[in-house]
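Each chain, written out:
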Amino acid sequence: MLLRTDDDIYRARLVYLGPTGYTFPIQLPYAQYGLGAIVFAVTEAATWLATGGSWAGTGVALGATLPLTALIWRHVDPDRPARKVLATAARDWRRTGPPAVGPTARYTARKVQVTR
């Protein structure tokens, strides 16, 4: 009797389990690998420029990539893809300005009636 494995569930979720017989201890979707590579490239370029070409920046970039990818992926789901989350974050970062200066609204309780 041949039993089918439950790998169909992982194929539907697009999760890479690792090489046959040597599975990873964690399950990461394929898209998370790609996002991590992009985040690593950006942080590597930033640390390379900030440190003047030091190889110590590579360790810093690798260490910063994991939490940044996890932070981005916390907001990603099938309804909000990673590119939309990043676009929204960039748009909010550029458009956020100083708070408006001017008169603030004043609220009083003079004409409030509570009825039962």
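The next point concerns the side chain of T65. Within the secondary structure, T65 is located in helix α3 (residues 56-73). Of the residues examined, T65 reaches a relative accessible area of 5% and is grouped as buried. A polar contact is formed between the side chain of T65 and the backbone oxygen of A61, at a distance of 2.6 Å. Apart from residues lying up to four places away in sequence, T65 is in contact with G36, V39, F40 and T43.

We now examine a positive patch on the surface. On the surface, R83, K84, R91, R94 and R95 cluster together into a patch of positive charge. Within the secondary structure, R94 is located in helix α4 (residues 82-95). According to the relative accessible area criterion, R94 is exposed, its value standing at 56%.

This part covers the environment of A46. Locating A46 in the fold gives a position in helix α2 (residues 30-51). Look at A46 and you get partly exposed, because its relative accessible area is 45%. Put simply, A46 and G57 are 11 residues apart on the chain and 8.7 Å apart in space, counted from C-alpha to C-alpha.

Turning our eyes to something else, we now look at the packing of aromatic side chains. For any pair of aromatic rings, the description rests on two quantities: the centre-to-centre distance and the angle between the ring planes. Applying the stated rule across the entire model yields 1 aromatic pair. Seen in terms of ring centroids, W48 and W55 are 5.6 Å apart; in terms of plane orientation they differ by 80 degrees. Their pairing is edge-to-face. Accessibility expressed as a relative area gives 35% for W48, which makes it partly exposed.

Bringing the confidence of the model for the chain into the picture now. Put simply, the chain has an average pLDDT of 79, and 88% of its residues get 70 or more. Averaged over each element, pLDDT in the chain is lowest for helix α1 (residues 7-13) (58) and highest for α2 (90).

Compared with an ideal rise of 1.5 Å per residue, which puts 18 residues at 26 Å, α3 spans 26 Å between its outermost C-alpha atoms and is within 8% of the ideal. Maximal helix bending in α3 amounts to about 25 degrees, located at T65; proline P67 follows within four positions. Where α3 is buried, its residues meet α2 and α4.

So, about a nonpolar patch on the surface. A surface patch of nonpolar side chains, about 480 Å² in accessible area, is lined by Y16, F24, I26, Y30 and Y33. Turning to its location among the elements, F24 is positioned in the loop between β1 (15-16) and β2 (28-29).

Turning our attention to the nonpolar core. The biggest cluster of nonpolar side chains holds 6 residues, and these are L35, V39, I72, V76, A82 and V85. Elements supplying a minimum of two residues to this core: α2 and α4. The contacts of V85, once residues within four sequence positions are left out, are I72, H75, V76 and R80.

What counts, and where the lines are drawn
- Residues numbered from 1 in each chain as written.
- Predicted model: local features only at pLDDT ≥ 70, side-chain atom pairs only at ≥ 80, totals over all residues.
- Heavy atoms only, no water.
- Helix = DSSP H or I, 4+ residues; strand = E, 2+ residues; numbered from the N terminus.
- Buried < 20%, exposed > 50% of the residue type's maximum accessible area, 1.4 Å probe, protein only.
- Polar contact = N/O pair within 3.5 Å; in protein donor to acceptor, adjacent residues only side chain to side chain.
- Contact = heavy atoms within 4.5 Å.
- Patch = residues over 30% accessible without salt bridge, like charges linked within 9 Å, V, L, I, M, F, W, Y side chains within 5 Å.
- Areas by Shrake-Rupley, 256 points an atom, 1.4 Å probe, with all protein chains shown as cover.
- Salt bridge = Lys/Arg side-chain N within 4 Å of Asp/Glu carboxyl O.
- Lys, Arg positive; Asp, Glu negative; His and termini not counted.
- Charge placed at Lys NZ, Arg CZ, Asp CG, Glu CD.
- Phe/Tyr/Trp six-rings, centres within 6.5 Å; stacked < 30°, edge-to-face > 60°.
- pLDDT = per-residue confidence, 0-100.
- Expected span 1.5 Å × (residues − 1).
- Bend = angle between axes of the 7 residues up to and from the residue.
- Core = buried A, V, L, I, M, F, W, Y, C linked by side-chain atoms within 4.5 Å.

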